[in-house]
Amino acid sequence: MQTAYYLILVPMVYLAFAVFIVGTVARLVSIWQKPKNPSTLMIHHTKSPRWLWALADTFLLPTVRRHNPLLWLFLMIFHIALLLLIIGHLELFQRFAIFQVIDHEVFLGRGFVGLAMAIALLFFLFRRFVSPNRDLSVPEDYYLLILLLLTVIFGAEMDWARRWYDYGEMQVGDYRAYLMSLVMLKPKLPDALTGSGHSFMLVLHVFFANLFIMFFPFSKIMHSFFALPMNKLRRG
Ligand code: HEM
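Within any chain, residue numbers begin from 1 and follow the written order of that chain's sequence. The predicted nature of this model means local features are confined to residues of pLDDT at least 70 and side-chain atom pairs, given and counted, to a pLDDT of 80 or more, with totals for whole chains, interfaces and linings taken over all residues. Neither water nor hydrogens contribute to the side-chain values; these are computed over all heavy atoms in the structure.

**Q** Could you clarify how one ought to interpret the environment of Phe154 in this entry?
**A** A run of DSSP states H or I qualifies as a helix once it reaches four residues; a run of E qualifies as a strand once it reaches two. Both are numbered from the N-terminal end. With respect to the element layout, Phe154 can be found in helix α8 (residues 139–165). Take Phe154: its relative accessible area is 18%, and that puts it in the buried class. In this structure the C-alpha to C-alpha distance between Phe154 and His104, which are 50 residues apart in sequence, comes to 22 Å. Contact partners of Phe154, with chain neighbours within four places excluded, come to Met201, Leu204, His205 and Phe208. For the exposure calls, accessible area comes from a 1.4 Å probe over protein chains only, and a residue counts as buried if that area is under 20% of its type's maximum, exposed if over 50%, partly exposed in between. Every residue pair with non-hydrogen atoms within 4.5 Å of one another is taken to be in contact.

**Q** Got a minute to help me understand the side chain of His104 in this structure?
**A** Along the chain, His104 falls in the loop between α5 (69–91) and α6 (112–127). Distance and chemistry together define a polar contact, namely a pair of N or O atoms within 3.5 Å, with one atom able to donate a hydrogen and the other to accept it when in protein, and with adjacent residues in sequence counting only for side-chain atoms on both sides. At 2.9 Å, the side chain of His104 and the side chain of Glu91 are in polar contact. Polar contacts involving the side chain of His104 include one to the main-chain carbonyl oxygen of Ile102, which spans 2.7 Å. If we ignore the near neighbours within four places in the chain, the residues touching His104 are Glu91 and Phe99.

**Q** Looking at this structure, I do not really get the coordination of the iron atom of the ligand. What am I missing?
**A** Tetrahedral coordination by four donors sets the ideal angle at the metal to 109.5 degrees; octahedral coordination by six donors sets it to 90 or 180 degrees. As a rule, N, O and S atoms within 2.8 Å of a metal are its donors, except that Na, K and Ca use 3.2 Å; water is not among the atoms, so sites may look incomplete. All of the protein donors around the iron atom of the ligand are His89 (NE2) and His205 (NE2); their distances to the metal are 2.0 Å. Under the classification used here, a metal with four donors is tetrahedral if each angle lies between 85 and 135 degrees, square planar if opposite donors are over 155 degrees apart and the others between 65 and 115, a six-donor metal meeting that same test is octahedral, and anything else is irregular. Each of the 6 donor atoms bound to the iron atom of the ligand contributes to angles spanning 86 to 179°, and the resulting shape is octahedral. Of this pair, His89 sits in helix α5 while His205 sits in helix α11 (residues 199–215), and the two are 116 residues apart along the sequence. Taking relative accessible area as the criterion, His205 reaches 13% and is therefore assigned buried.

**Q** Would you mind going over a nonpolar patch on the surface with me for this structure?
**A** Patches in this entry comprise residues that are over 30% relatively accessible and not in a salt bridge; like charges within 9 Å are linked, as are nonpolar side chains (Val, Leu, Ile, Met, Phe, Trp, Tyr) within 5 Å. Calculation of accessible area relied on Shrake-Rupley with a 1.4 Å probe; when residues are assessed, cover is drawn exclusively from the protein chains displayed. One side-chain nitrogen of Lys or Arg within 4 Å of one carboxyl oxygen of Asp or Glu is enough to make a salt bridge. Side chains of Phe17, Ile21, Val25 and Val29 sit close together on the surface and give an oily, nonpolar patch of about 360 Å² of accessible area. With a relative accessible area of 40%, Val29 lands in the partly exposed category.

**Q** How should I be thinking about the side chain of Ser196 in this particular structure?
**A** Looking at where Ser196 falls in the secondary structure, it is placed in the loop between α10 (191–194) and α11. Since its relative accessible area comes to 11%, Ser196 is described here as buried. Looking at Ser196, its side chain comes within polar contact range of the side chain of Tyr167, at 2.9 Å. Among all residues touching Ser196, those that are not within four sequence positions of it are Tyr167, Glu169, Met170 and Asp191.

**Q** What should I look at first to understand unusual backbone geometry in this one?
**A** Residues Val106 and Phe107 are joined by a peptide bond in cis, for which omega reads -10°. Inspection of the secondary structure assignment puts Phe107 in the loop between α5 and α6. Of note, the bond from Ser131 into Pro132 is cis; its omega dihedral lies within 30 degrees of zero at 0°. If you trace the backbone, Pro132 turns up in the loop between α6 and α7 (133–136). A positive phi is found at Asp166, a non-glycine position, where the angle reads about 55°. As for its position among the elements, Asp166 is in the loop between α8 and α9 (172–183). Positive phi, close to 60°, is recorded for Leu185, a residue that is not glycine. Residue Leu185 is classed as exposed on the basis of its relative accessible area of 62%.

**Q** Explain the environment of Thr24 here, please?
**A** Considering the arrangement of structural elements, one finds Thr24 in helix α2 (residues 11–32). With 198 residues separating them in the primary sequence, Thr24 and Met222 have C-alpha atoms 8.3 Å apart. Ignoring sequence-local partners within four residues, the contact set of Thr24 consists of Val19, Pro217, Met222 and Phe225.

**Q** Honestly, helix α12 (residues 223–235) in this entry has me stumped. Any pointers?
**A** One full turn of an α-helix is made of 3.6 residues, so residues set three or four places apart face in the same direction. Multiplying one less than the number of residues by 1.5 Å gives the expected span of a helix. Its 13 residues place the ends of α12 18 Å apart at the C-alpha level, agreeing with the 18 Å of an ideal helix rising 1.5 Å per residue. Where α12 terminates, the next one or two residues include Gly236, which has phi positive at roughly 85°.

**Q** What exactly am I supposed to notice about the packing of aromatic side chains here?
**A** Pairing of aromatic rings covers Phe, Tyr and Trp, the last through its six-membered ring, and needs centres within 6.5 Å; plane angles under 30 degrees mean stacked, over 60 mean edge-to-face, and all others mean tilted. Counted by the stated rule, this structure contains 12 aromatic pairs. Through a chain of ring-to-ring contacts, three or more aromatic side chains come together here, namely Phe74, Phe78, Phe123 and Phe124. Directly above the ring of Trp72 sits Arg65, whose terminal nitrogen or CZ lies 5.6 Å from the centroid. Cation placement over rings: the criterion is NZ of Lys or CZ of Arg within 6 Å of the ring centroid and within 35° of the ring normal.

**Q** Is there a simple way to think about the site of the ligand in this case?
**A** Any residue with a heavy atom positioned within 4 Å of a molecule or strand is treated as near that molecule or strand. By nearness alone, 23 residues border the ligand, and His89, Asp159, Arg162, Tyr175 and His205 come closest of all. Within the side chain of Asp159, one N or O atom sits 2.9 Å away from an oxygen atom of the ligand. Contacts to the ligand include His205, whose side-chain N or O atom sits 2.7 Å from a nitrogen atom. Where the shell around the ligand is concerned, the elements lending two or more residues are α5, α8, α9 and α11. Among the elements that line the shell around the ligand, the one with the most residues is α8, at 8 residues. Side-chain classes are defined by residue name, with Ala, Val, Leu, Ile, Met, Phe, Trp, Tyr, Cys and Pro counting as nonpolar, Asp, Glu, Lys and Arg as charged, and the others, Gly among them, as polar. The class makeup of the residues in the shell around the ligand is 14 nonpolar, 7 polar and 2 charged.

Dropping the structure here:
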C-alpha cells in the first residue's frame, strides 16, 4: 500500500504537471497558428473603457444572469470558491504575508468553501440530467464534473475533519513539508501523511486532482484561458 501511496503522491504529481504544461502550450500554439478569422467578432458597440467591459463580461456573466439567474448564482459561488481554493493551496506551500491581511487558518472559509463548491458541482451535474441540457451534453461534460466533485469531496473532507471534528494527525505543517519537497525536487513524505487513518483521503484527493490536471488542457475547461480575450474581441 505504501508503494501505491508513494506513486500517487510523488511521480504521478510530477507527471500530471508535466502533461498540463506541455498540453497547454501545445494547444495554445496550435490555436495561434490557425488562420486569422477574416470577419470581426465585435458584436457590441461599446464606448470606452473596453477592457473594463470585457472584464465585467468575463467575471460577472451578465448574459447568464439575464437568462438563467439560478445558474448564474451557482456559477458565481463556484468561481469565488475556486479563487479562495487557489489561495488555500498556495498557503499549503508556505505562508504568504499578503493573504494574512485577513487573519485566518488555512484554508480560508473554515471548510465552507469546499462545501459550497461541492454543492455548486452537484447543481451543475444534476442540471445535465434534465432536458434540454441533457440532450446538449456529451460524456465529457459528465466525466469532468464527476472528476471535479470527487477531487473536491476528498479535499474538503480532510479540511472538515481537521476544522470541524478536531482530527489532528495530518497538519498544515506536514502538507508544507511534503509540497515544498516536491518543489525542491527532493520529494519527502512525512510519516504523518502516509501513516494516518486519513492518509487514504489525501491519496484519493491527489489521485483525482492529478487526473483532473492531466485532463485539463484537452478539455472544455481550457475556456478559462480564452474567456477574457474573446470578450475583448466582442467589445472591440
Ligand atoms: C496535486 C494537486 C493537489 C494537491 C497536492 C492538493 C492537496 C490538498 C490538501 C493537502 C488539502 C488540505 C486538506 C486539509 O485541510 O486538511 C486540500 C484541500 C482541498 N483541495 Fe486540494 N490538492 C490538489 C488539487 C486540487 C484540485 C485540482 C482541486 C479542485 C478544485 C482541489 C480541491 C480541494 C478542496 C475543495 C479542498 C478543501 C478546501 C476547503 O474545504 O476549504 N484540490 N488539497
